[in-house]
Amino acid sequence: MEALTWSWPRRSDGDRDSLERVFHSSLAGPWLTAMDTALPPVLSVYGTVMHVNRGNPAGQEVLVDSWPEFKMVLTRPRREVARDPSDYFTNLYTAFYRDEGACRALLENSCAVDWGQAFQIQGEPLQPRSVHPPAPHTLTSSPCQVNPLCAHPTPSCVSLPPALSCRPDKGLRLAPVSPAHAMLLRDTWNFGGNSRSLRYLCLLIRHFPNTCLLAPEGTLISWCLTDPLAALMHGYTLPEHRGQHHMRPVVGMLAAQLHARGFPVYTGVLPHNEPSLHILQRLGFRILPGVFYQCWPCTVAPGPAASWKARPGLVLMMVHYTREGSGHRTPP
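On a predicted model such as this, the values are computed, not experimentally measured, just so you know. (Residues numbered from 1 in each chain as written. Predicted model: local features only at pLDDT ≥ 70, side-chain atom pairs only at ≥ 80, totals over all residues. Heavy atoms only, no water.)

J.: Quick rundown of the nonpolar core? Include the residues and the values.
T.: As a rule of thumb, soluble globular proteins bury nonpolar side chains together. Ranked by size, the top nonpolar core spans 34 residues in total, and within it Val73, Leu232, Val251 and Phe285 carry the most contacts. Of all the secondary-structure elements, those providing two or more residues to this core are helix H3 (40-52), strand E2 (60-64), strand E11 (220-226), helix H7 (247-260), strand E13 (265-269) and helix H8 (274-282). The greatest single-element share of this core, amounting to 6 residues, is contributed by H7. In this structure, this core is formed jointly by two domains, domain 1 (21-130) and domain 2 (162-288), each of which donates at least three residues. Leave out the neighbours within four places in its chain, and leucine 232 touches Cys224, Leu225, Thr226, Val251, Leu254, Leu258, Val265, Tyr266, Thr267 and Phe285. Of all hydrophobic cores here, the second largest spans 28 residues; its members include Ala58, Leu201, Leu204 and Leu288. (Core = buried A, V, L, I, M, F, W, Y, C linked by side-chain atoms within 4.5 Å. Buried < 20%, exposed > 50% of the residue type's maximum accessible area, 1.4 Å probe, protein only. Helix = DSSP H or I, 4+ residues; strand = E, 2+ residues; numbered from the N terminus. Domains from an automatic or database assignment. Contact = heavy atoms within 4.5 Å.)

Laid out in structure tokens, this is it:
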């Protein structure tokens, strides 16, 4: 099966909206009441497609196995964006499939996936067989880790639900994250500590929705970002300010921003991170059923026989699902 590269600038507005509406129908359908397990792998692709349709700040493109009847969708960075073969922050893929054969064919197509680069891919897993990159590369998986994925229901367009209307303590104020904060965010991020993570965080700060909580003198207390998949990420409160519920107004404000723009509101949480799970559930997030996988190569050995080590993670997803009066909101 030959992969079809689908770069939005080369498509009509009608085609551009069609794929987004397909995913929206998956979100706004029976799952709203049944909490269908097919939703989690849709969210990362859906969020990416929405950003592509709204200026494409991360320089992503979309591949499908066929159109308009597709069985597999893959999003990836454009070639001119993925210039650094070791930058698995920028080299971000998402995948959704309806047919396992179509999925394997697209993932194993060297024109669709550059197996010579370090990258991360998020979406639904292939079971029980693994996907093998074209020779001479080999993919080796380490033990899996289970994480919850959480989502938040869309509020009424008239007013925010009480859970999202959290006000910060007196003297504190909510604001967008500043690029001047990037170094602190890098140093407090589990995946930070290097120039690539700093560059990636600067991209998120400048081009994607985010919120932070500032002290009266303007110093950072707490913050949360979103990524090119429209997922909440790097929610953090400085240790000296913890235990005071500062994250609640931060996440509440950011969720309201995303809902106002028509985006899904979701995030992945480590299973042992009970404080974050508690905060999210207090804000109305729900833990989604099923499993969401996130895999990224850890090291790439030089030379033609590059050896890959991937760390797949089963992610519990929490989402805010759409429910507005008697109907459902459609993408703008």
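Picking up after the structure, the text goes on.
J.: Before we move on, can you summarise H7 with the specific residues and values?
T.: Since the α-helix turns once every 3.6 residues, residues separated by three or four places project in the same direction. Across its 14 residues, H7 extends 20 Å between first and last C-alpha, which sits within 8% of the 20 Å expected from 1.5 Å per residue. In terms of burial, H7 is largely enclosed, as 11 of its 14 residues are buried. Of the positions making up H7, those classed as buried are Met247, Arg248, Pro249, Val250, Val251, Gly252, Leu254, Ala255, Ala256, Leu258 and His259. Immediately beyond the C-terminal end of H7, within one or two residues, lies glycine 262, with a positive phi of roughly 85°. (Expected span 1.5 Å × (residues − 1).)

J.: Outline H8, supporting the account with residue identities and numerical values.
T.: Among the residues of H8, Leu277, Ile279 and Leu280 are the ones counted as buried. With its buried residues spanning 165° around the axis, H8 presents them on a single face. Facing away from the buried side of H8 by over 90 degrees, the exposed positions are Glu274 and Pro275. A positive phi of about 100° marks glycine 284, the residue just after H8. (Arc of directions from axis to C-beta.)

J.: Tell me about the environment of isoleucine 121, residues and numbers included.
T.: Inspection of the secondary structure assignment puts isoleucine 121 in strand E5 (residues 120-123). Accessibility expressed as a relative area gives 19% for isoleucine 121, which makes it buried. Taking the C-alpha atoms as reference, isoleucine 121 lies 6.0 Å from leucine 92; in sequence the two are 29 residues apart.

J.: Go over unusual backbone geometry, please, and point to the residues and values.
T.: Positive phi, normally seen in glycine, also occurs at histidine 234, with a value near 50°. Mapped onto the elements of the fold, histidine 234 is located in strand E12 (residues 231-237). What makes histidine 234 buried here is its relative accessible area of 10%. If you check the backbone angles, histidine 245 has positive phi at about 65° while not being a glycine. The exposure class of histidine 245 is exposed, given its relative accessible area of 53%.

J.: Please set out the pattern of salt bridges residue by residue, giving values where relevant.
T.: By the definition in use, this model includes 6 salt bridges. Among the salt bridges present, the one from aspartate 87 reaches arginine 199, with a minimum N-O distance of 3.1 Å. With aspartate 87 in the loop between strand E3 (72-77) and strand E4 (92-97) and arginine 199 in helix H6 (residues 195-207), this pair connects stretches of sequence that are 112 residues apart. Under the relative-accessibility criterion, aspartate 87 is labelled buried at 2%. Between aspartate 187 and arginine 186 there is a salt bridge, and its shortest N-O distance comes to 3.0 Å. We classify aspartate 187 as exposed; its relative accessible area is 52%. Among the residues examined, arginine 186 registers a relative accessible area of 17% and is labelled buried. Several salt bridges converge on common partners, so that one network encompasses Asp84, Asp87, Arg196 and Arg199. (Salt bridge = Lys/Arg side-chain N within 4 Å of Asp/Glu carboxyl O.)

J.: Go over the confidence of the model for the chain, please, and point to the residues and values.
T.: For the chain, per-residue confidence averages 74 on the pLDDT scale, and residues scoring 70 or more make up 64% of the total. In the model, residues 27-38 has pLDDT below 50 throughout and makes 23 contacts with residues more than four positions away in sequence or in other chains. (pLDDT = per-residue confidence, 0-100.)

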